[in-house]
Amino acid sequence: MNAKSHPISSSRDESNAAPAGDDPLDIEAAFRDSHVGGVLESLDRELVGLAPVKSRIRDIAALLLIDKLRRAVGLSSGPPALHMSFTGNPGTGKTTVAMRMAEILHRLGYVRKGHLVAVTRDDLVGQYIGHTAPKTREVLKRAMGGVLFIDEAYYLYRPENERDYGQEAIEMLLQVMENQRDDLVVILAGYKERMETFFRSNPGMSSRIAHHIDFPDYTPEELLAIAGLMLQQMQYRLSAPADQALREYIERRRAQPHFANARSIRNALDRARLRQASRLFERKGGSISRQDLETIDELDIRASRVFGERLAT
Ligand SMILES: Nc1ncnc2c1ncn2[C@@H]1O[C@H](COP(=O)(O)OP(=O)(O)O)[C@@H](O)[C@H]1O
Ligand SMILES: [Mg+2]
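Residues numbered from 1 in each chain as written. Chains lettered and ligands numbered in written order. Predicted model: local features only at pLDDT ≥ 70, side-chain atom pairs only at ≥ 80, totals over all residues.

Q: Sorry, what's going on with the overall build of the protein chain here?
A: The helix and strand inventory of the protein chain stands at 14 helices and seven strands. Each principal axis of the C-alpha distribution contributes one length, and for the protein chain these read about 80 × 60 × 30 Å. Here the analysis covers contacts within the protein chain between residues at least 6 apart in sequence; of these, 75% occur between residues at least 24 apart. (Helix = DSSP H or I, 4+ residues; strand = E, 2+ residues; numbered from the N terminus. Contact = placed C-beta atoms within 7 Å.)

Put into structure tokens, the structure is as follows:
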């Protein structure tokens, strides 16, 4: 193998006579050329917390980059296994990170297009005999060249129902996950325990998943930081008393049913914006300053039901 067959080391001086096959590759240049650093940086910057998730994503990016360099010098190990499972409670960032993953896979050349197709059981499984195969086939076709994200994937498997059509979809997925793994990456997402049960009953699926990534719940401090980031992006700010109210809101909301981590924060902020708008609207007469328009006040937060209700028992 000579230097000419190293497409990745294009920036190197190829006339520089190094022994064939021992030509050092420039890993930094390869990293730069892939533009994957930008995705990793924005992942760091735009997502609060998630340290273990970020480090797993970084590891996978490193694996792909090294695999690419290995292939460039003729070291073959077959395409790396890339199907993944993302487990965690609602609102912990699974869908958001899956979209970033799709971008990384695309930039490193592991998928052609890098788009994400997000589906649930209903998109794959039909109600009647003969309806499942065409539905699943259509979804697979749309996802080819990108990432297929299956939310609450365990609903595909319903052992209590002997003739459940979900099994048909699972079998088609298994086949594509094996035979077209160079053109489609599947990410299964959902609650951790349910996913573990699903994998125990579906060893074929389990054996095709190379990376299991767990998304922890956010701490109150992280939720507050997430709120700060969201407000900044929406160009709002909290008055000092509103900031204190939000801290209390988070404490209370976390203890209540249907708490969904960052999603609950986003919803709370959306409702606070509604209240701010009505408050300003009702203040008829007089003018509204820029500061009024951008400020969420204490009452915009404290008017939430979360402050009125007793904790559910
Ligand atoms: N670590 C985080 N930092 C900032 N925003 C986040 C973070 N995790 C989630 N979000 C936001 O919370 C919302 C829900 O996240 P999502 O990825 O849909 O969660 P999941 O798929 O786990 O239910 C989205 O608006 C997302 O942008
Ligand atoms: Mg999601």
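Q: What exactly am I supposed to notice about the site of ligand 1 here?
A: Residues in contact with ligand 1 amount to 17 residues; listed here are only the nearest, Gly93, Lys94, Thr95, Thr96 and Ala262. Secondary structure elements with two or more residues in the shell around ligand 1: α4 (94-107), α10 (220-234) and α12 (261-282). By residue class, the composition of the shell around ligand 1 is seven nonpolar, seven polar and three charged. (Near = placed C-beta within 6 Å. Nonpolar A, V, L, I, M, F, W, Y, C, P; charged D, E, K, R; others polar.)

Q: Honestly, the packing of helix α2 (residues 36-46) against helix α3 (residues 51-72) in this entry has me stumped. Any pointers?
A: The description of two helices packed together rests on the angle between their axes and the distance between the axes. Viewed as axis vectors pointing N to C, α2 and α3 meet at an angle of 175°, and their least axial separation amounts to 11 Å. Of the possible angle classes, the one that applies to α2 and α3 is roughly antiparallel. Between α2, through Val36, Leu40, Leu43 and Asp44, and α3, the contact on the second element is made entirely by Lys54, Ile57, Arg58 and Ala61. Partitioned by chemical class, the residues of the contact of α2 with α3 number five nonpolar, no polar and three charged. (Axes fitted to C-alpha atoms, helices over the stretch in contact; angles between N-to-C directions. Parallel < 35°, antiparallel > 145°, perpendicular 65-115°, else oblique.)

Q: I tried to follow the sheet that holds strand β5 (residues 211-215) on my own but got confused; where do I start?
A: Backbone hydrogen bonds are what pair the strands of a sheet, in a parallel or an antiparallel way. Taking strand neighbours across the sheet as the criterion, the five strands line up as β2-β3-β4-β1-β5 in an open arrangement whose pairing is parallel. Two strands in the sheet have a free side with no partner beyond their single neighbour: β2 (116-119) and β5. Neighbour-to-neighbour, the strand axes of the sheet open up by a mean angle of 20°, direction not taken into account. As defined by bridge partners, strand β3 (residues 147-151) adjoins strand β4 (residues 185-190) across five bridges and the pair is classed as parallel. Within the sheet, the bridge partner assigned to phenylalanine 149 lies in β4 and is isoleucine 187. In the packing of helix α8 (residues 192-201) onto the sheet, the strands contacted are β1 (84-88), β4 and β5, and the crossing angle to β1 comes to about 140°. (Pairing = 2+ DSSP bridges.)

Q: I would appreciate a short explanation of unusual backbone geometry in the present structure.
A: For residues besides glycine, phi is generally negative; the peptide bonds are generally trans as well. Even without a glycine there, the phi angle at glutamate 152 is positive, about 50°. Inspection of the secondary structure assignment puts glutamate 152 in the loop between β3 and α7 (166-179). A residue is classified by how many C-beta atoms lie within 10 Å of it, and glutamate 152, with 16 of them, is partly exposed. For asparagine 261, which is not glycine, the phi dihedral falls at a positive 45°. The residue asparagine 261 is located in helix α12 in this model. Since 21 C-beta atoms lie within 10 Å of it, asparagine 261 is described here as buried. (Buried ≥ 20, exposed ≤ 12 C-beta atoms within 10 Å, placed from the backbone.)

Q: Can you walk me through the confidence of the model for the protein chain in this structure?
A: As a note on interpretation, predicted positions should not be read in detail where pLDDT is low. Residues of the protein chain with pLDDT of at least 70 account for 91%, and the chain-wide mean is 90. Residue range residues 1-19 is modelled with pLDDT below 50. Its contacts to residues more than four positions away, or to other chains, number 25 contacts. (pLDDT = per-residue confidence, 0-100.)

Q: Please explain the nonpolar core as it appears in this structure.
A: Here is a general trend for soluble globular proteins: nonpolar side chains tend to be buried in one another's company. Among the nonpolar cores identified, the biggest contains 52 residues, and Leu105, Val147, Val186 and Ile187 are the most heavily contacted of them. Beyond its immediate sequence surroundings of up to four residues, valine 186 is in contact with His83, Leu148, Ile150, Leu173 and Met177. Residues Leu238, Ala245, Leu269 and Val306 belong to the second largest nonpolar core, which totals 19 residues. (Core = buried A, V, L, I, M, F, W, Y, C linked by C-beta atoms within 7 Å.)

Q: Looking at this model, I keep getting lost on α2. Mind explaining?
A: Residue pairs three or four apart in sequence face the same way in an α-helix, which turns once every 3.6 residues. For α2, every residue scored as buried is listed here: Val36, Val39 and Leu43. Projected onto a plane normal to the axis of α2, the buried residues spread over an arc of 60° and lie on a single side. With respect to the buried face of α2, the exposed residues turned more than 90 degrees away are Gly38, Glu41, Ser42 and Arg45. (Arc of directions from axis to C-beta.)

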